[in-house]
Amino acid sequence: MKATVQRRVLLASVGALALAAGSAFAQDCPIKIGALAPLSAPGTVVGGEAMRDAMLIAEADINAAGGVLGCDIDVVIGDSEGLPERAIAVMERLITQDGVVAVGGGYHSSVGVASKDVANARGIPVVFAETWNDTITGDKQKYIFRIAPLSSWASATIWQFALTLPDIGKVVILTENTDYGIPASQETAKGLESGGVESTIFSVDIGTQDYAGIVERIKAENPDMIITLVTGEAAYNFTQQAADAGVGPLDLPFVTGQDALESGAYWTNVPDGQYAFVQRIGVPESEFTEKGRVFAAAYKEKTGKSDVESYAMEAYDSIAILAQAMNEAGETGGDAIVTALESIEHEGTLGKIYFPYGSQKDPSEDGKGDEWWHQWPDPALTMIQYQEEGQSSTDAAIVYPDAYKTAEPVIVNE
């Protein structure tokens with residue numbers, strides 16, 4: 001009963017936006033919103049499936065609350081496979097064949113980097129959900145927005161956390177050869193160096209499954225800590241193979257990939273994953289907004305999961321914010337949607353989302369870099385640790401930063 005009441009709260013908030021906008025312009029119904037998600041290998045399928053489920057919940061919520069401009073919306077999801085060339089083709093198809101008026105979602109940075117130019121050239125607004133590479137907004141393209149953190153911010157959280165741990169003199173970074181992994185590893189190495197910590201980077205192709213050779217090379221480095229910057233099932237494989245070789249989370253401080261936030265899949269694939277650290281975007285569930293709690297209940301009911309991954313929440317918000325922008329614009333034209341997004345205040349599952357910099361105010365006016373263009377400035381970034389075997393990520397200890405900290409990190413090699 002409580003979940004039903006909460007769901008009505010969410011639908012009412014979405015419905016109010018629809019009623020306020022009305023049907024100012026005649027529309028072809030349904031209004032199609034495109035979405036990108038990796039639903040096939042070598043992409044991060046576990047992340048793509050989470051985003052797909054979240055975006056379909058957004059579609060249902062928006063339609064139940066009255067839709068957009070008097071129409072239902074239809075979220076058309078394209079499988080990016082995590083590949084740049086595939087992303088370009090999917091974006092072209094969504095725009096030219098499926099007739100979408102805007103696009104949400106997006107998981108891999110390489111997908112965002114490759115596909116954004118297609119959308120921008122055709123005047124189709126995009127709100128990227130989980131693409132971190134700084135250049136995605138740093139190019140200052142008119143139609144491109146992002147609610148995920150910048151890669152430089154996310155990398156800083158990891159290396160700053162590493163510098164708080166005792167006796168860390170040498171770190172091994174495993175990264176993927178992508179538009180996420182390459183800059184993230186470089187930024188992490190530079191940050192560690194600023195704190196007097198040496199690092200060595202090993203890189204692999206996206207979707208690599210066999211890490212035997214890499215693990216032996218890592219062991220030879222005799223690191224004090226390992227940081228994993230690969231995505232999806234590949235991170236599960238590397239973490240367990242490292243554990244089998246004696247350099248896993250039970251043996252030394254070990255940051256695994258953020259797909260470990262789906263703890264059911266994590267513990268199935270990484271039975272020796274206790275004490276791993278994981279980066280999480282967003283506040284803990286105990287601090288969710290009302291809209292976040294309502295979404296979490298709907299998401300868990302739909303998926304059967306015990307956790308709500310940050311990228312699922314980002315995916316939901318990317319669709320919901322586009323719907324609000326169209327209602328406020330009173331039409332589905334790209335320029336009008338951009339104007340609405342630049343002044344929007346959206347109460348999302350992740351919190352209040354807005355874009356302080358764009359055509360009305362350049363980031364340079366506040367001494368900020370171009371990457372702040374159409375960038376949400378307030379995503380929370382935390383580090384959690386699985387301190388009990390089989391623990392859900394919702395219950396895991398928050399060990400960094402102090403503003404969200406719930407427990408001290410367990411250091412296994414002390």
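Since the structure is predicted, the reported quantities are computational estimates derived from the model, not experimental observations.

Q: How should I be thinking about the overall build of the chain in this particular structure?
A: Secondary structure summary: the chain contains 13 helices and 14 strands in total. The C-alpha radius of gyration of the chain comes to 21 Å, within 12% of the 22 Å expected for a compact globule of 414 residues. Viewed in the frame of its principal axes, the chain has a C-alpha envelope of about 65 × 45 × 40 Å. Counting all 414 residues of the chain, 61% fall into the buried class. Counting only contacts in the chain whose residues sit at least 6 apart along the sequence, the fraction spanning at least 24 positions is 69%. Element-wise, carbon and sulfur atoms account for 46% of the exposed surface of the chain, whose accessible area totals about 14,800 Å².

Q: I'm lost on the pairing of strand S2 (residues 73-79) in this one. Help?
A: Successive side chains on a regular strand alternate, one facing one side of the sheet and the next facing the other. S2 sits mainly inside the fold: five of its seven residues count as buried. Where strand S1 (residues 31-37) and S2 come together, seven bridges link them in parallel fashion. Counted as the bridge partner of alanine 37 is aspartate 79 from S2. Assessed by its sense of winding, the connection that carries the chain from S1 through helix H2 (residues 45-64) to S2 is right-handed.

Q: Explain the packing of aromatic side chains to me, please; I cannot follow it from the model alone.
A: Each aromatic ring pair is characterised by the separation of its centres together with the angle its planes make. Evaluated as defined, the whole model comprises 15 aromatic pairs. Ring centres of tyrosine 107 and tyrosine 311 lie 5.5 Å apart, and the angle between their planes is 75°; this geometry places the pair in the edge-to-face category. Highlighted residues: tyrosine 107 in the loop between strand S3 (102-105) and helix H4 (109-121) and tyrosine 311 in helix H12 (residues 310-329), separated in sequence by 204 residues. On the basis of relative accessible area, tyrosine 107 is assigned to the buried category, the value being 5%. Aromatic ring contacts, followed pair by pair, group Tyr236, Tyr266, Trp267 and Tyr386 into a single cluster. Residue placement shows lysine 368 over the ring face of tryptophan 372; its charged tip is 4.0 Å from the ring centre.

Q: Whenever I open this one, helix H8 (residues 212-221) confuses me. Can you help?
A: Each turn of an α-helix holds 3.6 residues, which means side chains three or four residues apart point in the same direction. All of the buried residues in H8 are Ile214, Val215 and Ile218. Take H8 and look down its axis: the buried residues cluster within an arc of 100°, on one side only. Summarising the contacts, the buried residues of H8 are in contact with strand S6 (170-176), strand S7 (198-204), strand S8 (225-229) and helix H9 (233-244). One or two steps after H8, the chain reaches asparagine 222, where phi turns positive at roughly 50°.

Q: Explain the pairing of S3 to me, please; I cannot follow it from the model alone.
A: Along S3, one buried face is formed by Ala102 and Gly104 and the opposite face, lined by Val103 and Gly105, is buried too. Here S1 runs beside S3; their pairing, made up of four bridges, is parallel. Each bridged residue has a counterpart across the sheet, and for alanine 35 the counterpart in S3 is glycine 104.

Q: What is the right way to read the side chain of serine 185 from this model?
A: Checked against the element boundaries, serine 185 lands in helix H7 (residues 181-194). Taking relative accessible area as the criterion, serine 185 reaches 3% and is therefore assigned buried. Within the structure, serine 185 has its side chain in polar contact with the backbone oxygen of isoleucine 182 (distance 2.8 Å). With residues near it in sequence (within four places) discarded, serine 185 still touches Ile173, Thr175, Ile201 and Leu229.

Q: I tried to follow the nonpolar core on my own but got confused; where do I start?
A: Soluble, globular proteins show a tendency: their nonpolar side chains are buried together. Ranked by internal contacts, the top residues of the largest apolar core, which has 51 residues, are Phe295, Leu341 and Phe355. Elements represented by at least two residues in this core include exactly S1, H2, S2, helix H11 (290-303), H12 and helix H13 (334-342). Per-element accounting of this core gives the leading share, twelve residues, to H12. Trp132, Trp153, Leu229 and Tyr357 belong to the second largest nonpolar core, which has 33 residues in total.

Q: So what exactly am I meant to see when it comes to the state of the cysteines here?
A: Working definition of a disulfide: a covalent bond connecting the sulfur atoms of two cysteines. Applying the stated criterion across every chain, the model contains one disulfide. The residue that forms a disulfide with cysteine 29 is cysteine 71, at a sulfur-sulfur distance of 1.9 Å. Since a negative S-S torsion denotes a left-handed disulfide, the cysteine 29-cysteine 71 link at about -55° is left-handed. Within this pair, whereas cysteine 29 is found in the loop between helix H1 (2-21) and S1, its partner cysteine 71 is found in the loop between H2 and S2, the two being separated by 42 residues in sequence.

Criteria and cut-off values
- Residues numbered from 1 in each chain as written.
- Predicted model: local features only at pLDDT ≥ 70, side-chain atom pairs only at ≥ 80, totals over all residues.
- Heavy atoms only, no water.
- Helix = DSSP H or I, 4+ residues; strand = E, 2+ residues; numbered from the N terminus.
- Rg over C-alpha atoms; globule rule 2.2 N^0.38 Å.
- Buried < 20%, exposed > 50% of the residue type's maximum accessible area, 1.4 Å probe, protein only.
- Contact = heavy atoms within 4.5 Å.
- Areas by Shrake-Rupley, 256 points an atom, 1.4 Å probe, with all protein chains shown as cover.
- Pairing = 2+ DSSP bridges.
- Right-handed = clockwise from strand over helix to strand, strands pointing away.
- Phe/Tyr/Trp six-rings, centres within 6.5 Å; stacked < 30°, edge-to-face > 60°.
- Lys NZ or Arg CZ within 6 Å of the ring centre and 35° of its normal.
- Arc of directions from axis to C-beta.
- Polar contact = N/O pair within 3.5 Å; in protein donor to acceptor, adjacent residues only side chain to side chain.
- Core = buried A, V, L, I, M, F, W, Y, C linked by side-chain atoms within 4.5 Å.
- Disulfide = S-S within 2.5 Å.

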